[in-house]
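For reference, the chains in residue letters:
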Amino acid sequence: MERPEEEETVQQAQEESEKKNLKGFRNGILVGMLGTAVILTVIYAVITAGKFLGARETQTDTEVNSSSVISTETLQKMRTIEAAINQYYFYQDQTSSQDIQEGIYKGMIEALDDPYSEYYTKEELEEVVNSTKGISYGIGAYISLNKETGMAVISGVIEDSPAQAAGLREGDVISEVDGESTQGMSLTEVVSRVKGREGTTVHLSIYREGENDFLELDIPREKLIETNTVTSGLLEDADHIGYLRIHEFDNVTVDQYTEAMAVLREEGMKGLILDLRSNPGGDVNAVVEIARKILPQGLIVYTEDKYGNRKEYTCDGTHELEIPLVVLVNQYSASASELLAGAIQDYNKGTLIGTTTYGKGIVQQIHRLEDGTALKLTVSAYYTPTGRNIHGVGIEPDIEIEYDYESAKAEGIDNQVEKAIEILEGKIK
């Protein structure tokens with residue numbers, strides 16, 4: 001797989017996913033697949049050596065740059081606070097020096113007031129690395145942040161997972177994890193608490209709209225390797241219409257997409273429903289490679305940093321999709337999935353159906369530090385081929401249709417898929 005220079009993922013894992021022959025399935029089955037995607041942002045994962053910002057700082061107070069936030073005054077205030085903690089804090093024996101140090105580092109990033117910039121401990125960084133390789137540890141649920149409330153929500157549930165068995169649903173709000181409130185936690189903090197050692201159990205307090213009280217669920221943790229990020233098949237009772245859902249964009253996704261499309265073509269696919277609902281994004285290189293298998297020749301996306309430096313991703317058009325296309329999106333379609341949906345819309349290559357997307361049009365970059373921790377910082381904004389930056393706005397579908405949960409629950413009908421079938425049948429020759 002071709003990868004643009006200087007834009008490598010955290011871990012370039014090229015493991016081949018196990019091939020599966022997928023049968024045609026009814027529209028009702030699609031309801032069970034709604035919601036998805038580990039809430040990974042579009043990440044340019046680069047390896048950069050950074051100076052460890054911990055207690056081993058070798059500069060003396062007088063050597064600290066006066067324009068830096070790490071000044072003589074701030075260092076002295078930190079010592080004063082530490083002394084007060086040592087002298088007065090009642091629960092000091094429950095807090096280690098490492099906890100306080102990590103609190104300092106996390107606090108510096110939190111002060112940026114950017115929900116997408118984070119400080120990663122060694123353990124958190126390992127989880128990010130594993131997730132880009134398609135390795136999932138935990139209960140089998142995808143977690144996102146509601147941009148209005150800042151609360152963690154279930155944006156998707158993996159089929160045949162502990163989360164599905166426990167009855168978790170898309171839209172469930174995670175109020176507490178093991179008795180600890182999630183209010184004010186970053187996404188990484190919530191995910192790290194939900195995940196854990198294989199075979200252990202996590203207790204979730206869930207708020208679900210329509211319920212009179214919180215749901216208290218004990219869910220066992222499992223380890224899933226080589227997550228199937230693509231689901232596909234020919235729809236029954238339709239005129240050779242293929243359905244392909246991308247749950248997230250990981251290293252394994254391009255190969256899984258390519259294999260799924262090959263099977264659909266062999267089965268005589270004449271039109272395609274590309275489902276990006278609840279897809280939070282992921283690896284920018286993966287989404288660019290998939291875009292090159294859909295779009296005509298031209299620009300796919302470009303980014304600009306704070307210095308005005310521009311980086312372009314282009315397509316030569318040699319693998320342009322030549323059949324009618326409908327793309328499904330919703331309020332949890334974010335980042336890389338918006339990148340793909342926006343490019344398809346700009347080129348009028350397909351019809352977007354659903355609801356306005358999440359609205360994340362910025363790029364994060366991971367910088368490793370010498371002690372094995374890392375920073376994830378927002379470094380640039382991305383723009384669709386026509387120059388749209390959708391950050392905070394989202395992408396409006398060409399045909400807006402709210403998902404009918406009642407119909408889906410009572411009759412097993414996905415009304416957005418039904419509309420997509422209607423559009424495609426009108427275009428298939």
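Everything in this summary refers to the structure shown in the same document. Given the structure is predicted, the values throughout are model-derived calculations rather than measurements.

Quick word on helix H11 (residues 415-427)
So, step 1. Counted at 1.5 Å a residue, the expected span for H11 with its 13 residues is 18 Å, and the 19 Å between its end C-alpha atoms agrees.
So, step 2. At the N-terminal boundary of H11, the capping side chain belongs to Asp414, with an oxygen 3.1 Å from the backbone nitrogen of Gln416.

What to know about a negative patch on the surface
So, step 1. A cluster of like negative charges, contributed by Asp178, Asp213, Glu216 and Asp218, occupies part of the molecular surface.
So, step 2. Relative accessible area serves as the criterion here: at 56%, Asp213 is assigned to the exposed category.

Observations regarding the sheet that holds strand E11 (residues 230-234)
So, step 1. One open sheet holds the six strands; their spatial order is E11-E12-E13-E16-E17-E20, and the pairing between them is mixed. Pairing within the sheet leaves two strands with one partner each, and these edge strands are E11 and strand E20 (399-400).
So, step 2. Bridge count for strand E12 (residues 241-246) against strand E13 (residues 271-275) is five bridges, and the pairing is parallel. Looking across to E13, one finds that Arg245 is bridged to Asp275.

Details of the packing of helix H7 (residues 253-266) against helix H8 (residues 284-291)
So, step 1. Put simply, H7 and H8 touch, their axes get as near as 9 Å, and they point 25 degrees apart. Taken together, the axes of H7 and H8 are roughly parallel relative to one another. When you trace H7 past H8, the crossing you get is right-handed. Touching Thr253, Val254 and Tyr257 of H7 are Ala286, Glu289 and Ile290, all from H8.
So, step 2. For the contact of H7 with H8, the class distribution of residues is four nonpolar, one polar and one charged.

As for a nonpolar patch on the surface
So, step 1. On the surface, a cluster of nonpolar side chains totalling about 470 Å² of accessible area is made up of Val69, Ile70, Met78, Ile100, Ile104 and Met108.
So, step 2. No other element matches the three residues that helix H3 (residues 97-110) contributes to the nonpolar patch.
So, step 3. Of note, Ile104 is situated in helix H3.
So, step 4. With a relative accessible area of 32%, Ile104 lands in the partly exposed category.

Observations regarding the environment of Val69
So, step 1. In this structure, Val69 sits in the loop between strand E1 (43-45) and helix H2 (72-88).
So, step 2. Among the residues examined, Val69 registers a relative accessible area of 61% and is labelled exposed.
So, step 3. C-alpha of Val69 to C-alpha of Met108: the two residues are 39 residues apart in sequence and 9.8 Å apart in space.
So, step 4. When sequence neighbours within four positions are dropped, the list of residues in contact with Val69 reads Thr74 and Met108.

Some remarks on unusual backbone geometry
So, step 1. Positive phi values are uncommon outside glycine, yet Asp113 reaches one of about 55 degrees.
So, step 2. Within the element layout of this structure, Asp113 appears in the loop between H3 and strand E2 (118-120).
So, step 3. In the Ramachandran plot, Ser278 falls in the positive-phi region, its phi being about 60 degrees despite a non-glycine side chain.
So, step 4. You can see Ser278 is positioned in the loop between E13 and H8.
So, step 5. Look at Ser278 and you get buried, because its relative accessible area is 0%.

Considerations on the packing of aromatic side chains
So, step 1. On inspection of all chains with the given rule, the structure shows six aromatic pairs.
So, step 2. With a centroid separation of 5.4 Å and 50 degrees between ring planes, the pair formed by Tyr105 and Tyr119 is classed as tilted. Of this pair, Tyr105 sits in helix H3 while Tyr119 sits in strand E2, and the two are 14 residues apart along the sequence.
So, step 3. One aromatic cluster in this structure is built from Tyr89, Phe90 and Tyr91.
So, step 4. Against the face of Tyr302 rests Arg310, its NZ or CZ located 3.6 Å from the ring centre.

Details of the packing of H8 against helix H9 (residues 336-346)
So, step 1. The contact between H8 and H9 brings their axes to 9 Å, and the two run at 20 degrees. Judged by the angle between their axes, H8 and H9 are roughly parallel. As for the relative orientation of H8 and H9, their crossing is right-handed in sense. On the side of H8, the interface is formed by Val284, Val287, Ile290 and Ala291, while H9 contributes Ala336, Leu339 and Leu340.

Quick word on the nonpolar core
So, step 1. Core analysis: the largest hydrophobic core is formed by 41 residues, its most contacted members being Leu244, Leu274, Ile294 and Leu340.
So, step 2. Among all residues touching Leu274, those that are not within four sequence positions of it are Leu244, Ile246, Ile294, Leu325, Val326, Val327, Leu328, Leu340 and Ile344.
So, step 3. Within the second largest apolar cluster, 21 residues are counted, among which are Ala141, Ala163, Leu168 and Val190.

Quick notes on the pairing of E12
So, step 1. Burial within E12 is extensive, with six of its six residues counted as buried.
So, step 2. The two faces of E12 match: Ile241, Tyr243 and Arg245 on one face and Gly242, Leu244 and Ile246 on the other face are all buried.
So, step 3. Summarising the sheet, E11 and E12 pair through five bridges and their orientation is antiparallel. Paired with Gly233 across the two strands is Tyr243, which belongs to E12.
So, step 4. Linking two consecutive strands that pair antiparallel, namely E11 and E12, is a turn of six residues; a positive phi of about 60 degrees is found at Asp237 within it.
So, step 5. Note that the unit made of E12, H7 and E13 has a crossover that is right-handed.

Rules of the game
- Residues numbered from 1 in each chain as written.
- Predicted model: local features only at pLDDT ≥ 70, side-chain atom pairs only at ≥ 80, totals over all residues.
- Heavy atoms only, no water.
- Helix = DSSP H or I, 4+ residues; strand = E, 2+ residues; numbered from the N terminus.
- Expected span 1.5 Å × (residues − 1).
- Polar contact = N/O pair within 3.5 Å; in protein donor to acceptor, adjacent residues only side chain to side chain.
- Patch = residues over 30% accessible without salt bridge, like charges linked within 9 Å, V, L, I, M, F, W, Y side chains within 5 Å.
- Areas by Shrake-Rupley, 256 points an atom, 1.4 Å probe, with all protein chains shown as cover.
- Salt bridge = Lys/Arg side-chain N within 4 Å of Asp/Glu carboxyl O.
- Lys, Arg positive; Asp, Glu negative; His and termini not counted.
- Charge placed at Lys NZ, Arg CZ, Asp CG, Glu CD.
- Buried < 20%, exposed > 50% of the residue type's maximum accessible area, 1.4 Å probe, protein only.
- Pairing = 2+ DSSP bridges.
- Axes fitted to C-alpha atoms, helices over the stretch in contact; angles between N-to-C directions.
- Parallel < 35°, antiparallel > 145°, perpendicular 65-115°, else oblique.
- Left-handed = near helix turned anticlockwise from the far one by under 90°.
- Contact = heavy atoms within 4.5 Å.
- Nonpolar A, V, L, I, M, F, W, Y, C, P; charged D, E, K, R; others polar.
- Phe/Tyr/Trp six-rings, centres within 6.5 Å; stacked < 30°, edge-to-face > 60°.
- Lys NZ or Arg CZ within 6 Å of the ring centre and 35° of its normal.
- Core = buried A, V, L, I, M, F, W, Y, C linked by side-chain atoms within 4.5 Å.
- Right-handed = clockwise from strand over helix to strand, strands pointing away.

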